[in-house]
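Residue-level listing of the chains:
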Amino acid sequence: MQKPTLLLLEDDNNLNETICEYLEEHGYEVDGIYDGYGAEDKIYENSYDLLLLDVNTPGINGFEVLKNAREQGIKTPAIYITSLNSVDDLEQGFESGCDDYIRKPFALKELLIRIETLVKRGFYHQEQEFIEIDDTIRYDPQNSLLYAEEREVQLSVKEATLLKLFLQSSEQTLSHERIFAKLWGYDEEPSDASLRTYIKNLRKIIGKDRIVSVKKQGYRYSPKK
């Protein structure tokens, strides 16, 4: 499967490059961004496994970037990396939706440990133990398990990855390219036919109306209210 993908918002050129190089050496794919507006564009265009956000950045600050993303339903886990060190700053950071907070200066090894902890959690910023898809279907983000009528539903690896992507990107239209990038690794050939099969199988389980085909664009997961 594809390497975990991270977005790094850091306006210090040297630090941005240093973090990117270090994380890439440890098996991550990193988009290094230098301003808040650029980070917002990338977050809405792509599905990341983790966000690394400096706070005092050009354009809009990291707090606002994450707050806006959370309001749009984006629940990708996030770590703030910042020199701010007051309790009020810490409180504001968690209120805006972050999962962790690391103060500058920090050791790259410490950052890596924090990243691995959140990525291994296998999902995104989620306060509830389960995501209720409907009255009888729920998803366990900690263990990547789907239950229907309290019974575990067996999914293939790619079906499970696709379901997680849909839940993470609720109400966002996911292009075929974005889905291909998540489901197929560099040494695999993406397949439209296989994707349609995975979509069909998921619809059978969670309901055909929840995964909407958007003509010439892709698919969108729309949870029922």
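The preceding data block contains the structure.
These numbers come from a predicted model, not from an experiment.

### Digging into the packing of aromatic side chains
In the structure shown here, the tally under the stated rule is four aromatic pairs. A ring pair is formed by Phe63 and Tyr80, whose centres lie 5.0 Å apart and whose planes are at 85 degrees; its orientation type is edge-to-face. With Phe63 in helix 3 (residues 62-71) and Tyr80 in strand 4 (residues 78-82), this pair connects stretches of sequence that are 17 residues apart. There is no split in this pair, since Phe63 and Tyr80 are both buried. Counting every residue linked through ring pairs, the aromatic cluster contains Phe63, Tyr80 and Tyr101. Over the aromatic face of Tyr147 sits the side chain of Arg138, whose NZ or CZ is 5.9 Å from the ring centroid.

### Let's talk about the environment of Tyr219
Along the polypeptide, Tyr219 turns up in strand 12 (residues 218-221). Placed 46 residues apart in sequence, Tyr219 and Thr173 show a C-alpha to C-alpha distance of 5.5 Å.

### Some thoughts on the sheet that holds strand 10 (residues 173-175)
If you walk across this open sheet you meet the three strands as 10-12-11, and the pairing is antiparallel. This sheet does not close on itself; its edge strands, each paired only once, are strand 10 and strand 11 (211-214). Sheet twist, expressed as the average angle between the axes of neighbouring strands with direction ignored, equals 30 degrees. Of the pairings in the sheet, the one linking strand 11 to strand 12 comprises four bridges and is antiparallel in character. Directly across from Ile211, in strand 12, lies its bridge partner Tyr221. Lying over the sheet, helix 6 (residues 157-168) contacts strand 10, strand 11 and strand 12, oriented at roughly 65 degrees with respect to strand 12. Sitting on the sheet, helix 8 (residues 192-206) touches strand 11 and strand 12, and the angle it makes with strand 11 is about 145 degrees.

### Considerations on the pattern of salt bridges
Applying the stated criterion across every chain yields a total of nine salt bridges. One salt bridge in this structure joins Glu10 and Lys104, with 2.9 Å as the shortest N-O distance. Here Glu10, found in the loop between strand 1 (5-9) and helix 1 (13-25), pairs with Lys104, found in the loop between strand 5 (100-103) and helix 5 (108-120); they are 94 residues apart in sequence, far enough to count as distant. Here Glu10 falls in the buried class, since its relative accessible area comes to 1%. Of the residues examined, Lys104 reaches a relative accessible area of 25% and is grouped as partly exposed. Across the pair Glu188 and Lys158 runs a salt bridge whose closest N-O atoms are separated by 3.3 Å.

### Overview of helix 7 (residues 176-183)
At 3.6 residues per turn, the α-helix brings residues three or four places apart onto the same side. Three or more residues of helix 7 are buried, namely Arg178, Ile179, Phe180, Lys182 and Leu183. The inward-facing, buried residues of helix 7 contact strand 1, helix 2 (36-45), helix 6, strand 10, helix 8 and strand 12.

### Overview of a negative patch on the surface
On the surface, Glu17, Glu21, Glu24 and Glu25 cluster together to form a negatively charged patch. Relative to the helices and strands, Glu17 is located in helix 1. With relative accessibility at 42%, the residue Glu17 sits in the partly exposed group.

### What to know about helix 5
If you check helix 5, its first and last C-alpha atoms are 18 Å apart, about what 13 residues at 1.5 Å a residue would give, namely 18 Å. What helix 5 keeps buried is the set Leu111, Leu112, Ile115 and Leu118. Looking straight down helix 5, one finds its buried side chains confined to an arc of 130 degrees; they lie on one side. Residues Lys109, Thr117 and Lys120 are exposed on helix 5 and point more than 90 degrees away from its buried face. The inward-facing, buried residues of helix 5 abut strand 1, helix 1, strand 3 (50-53), strand 4 and strand 5.

Calculation criteria
Residues numbered from 1 in each chain as written. Predicted model: local features only at pLDDT ≥ 70, side-chain atom pairs only at ≥ 80, totals over all residues. Heavy atoms only, no water. Phe/Tyr/Trp six-rings, centres within 6.5 Å; stacked < 30°, edge-to-face > 60°. Helix = DSSP H or I, 4+ residues; strand = E, 2+ residues; numbered from the N terminus. Buried < 20%, exposed > 50% of the residue type's maximum accessible area, 1.4 Å probe, protein only. Lys NZ or Arg CZ within 6 Å of the ring centre and 35° of its normal. Pairing = 2+ DSSP bridges. Axes fitted to C-alpha atoms, helices over the stretch in contact; angles between N-to-C directions. Contact = heavy atoms within 4.5 Å. Salt bridge = Lys/Arg side-chain N within 4 Å of Asp/Glu carboxyl O. Patch = residues over 30% accessible without salt bridge, like charges linked within 9 Å, V, L, I, M, F, W, Y side chains within 5 Å. Areas by Shrake-Rupley, 256 points an atom, 1.4 Å probe, with all protein chains shown as cover. Lys, Arg positive; Asp, Glu negative; His and termini not counted. Charge placed at Lys NZ, Arg CZ, Asp CG, Glu CD. Expected span 1.5 Å × (residues − 1). Arc of directions from axis to C-beta.

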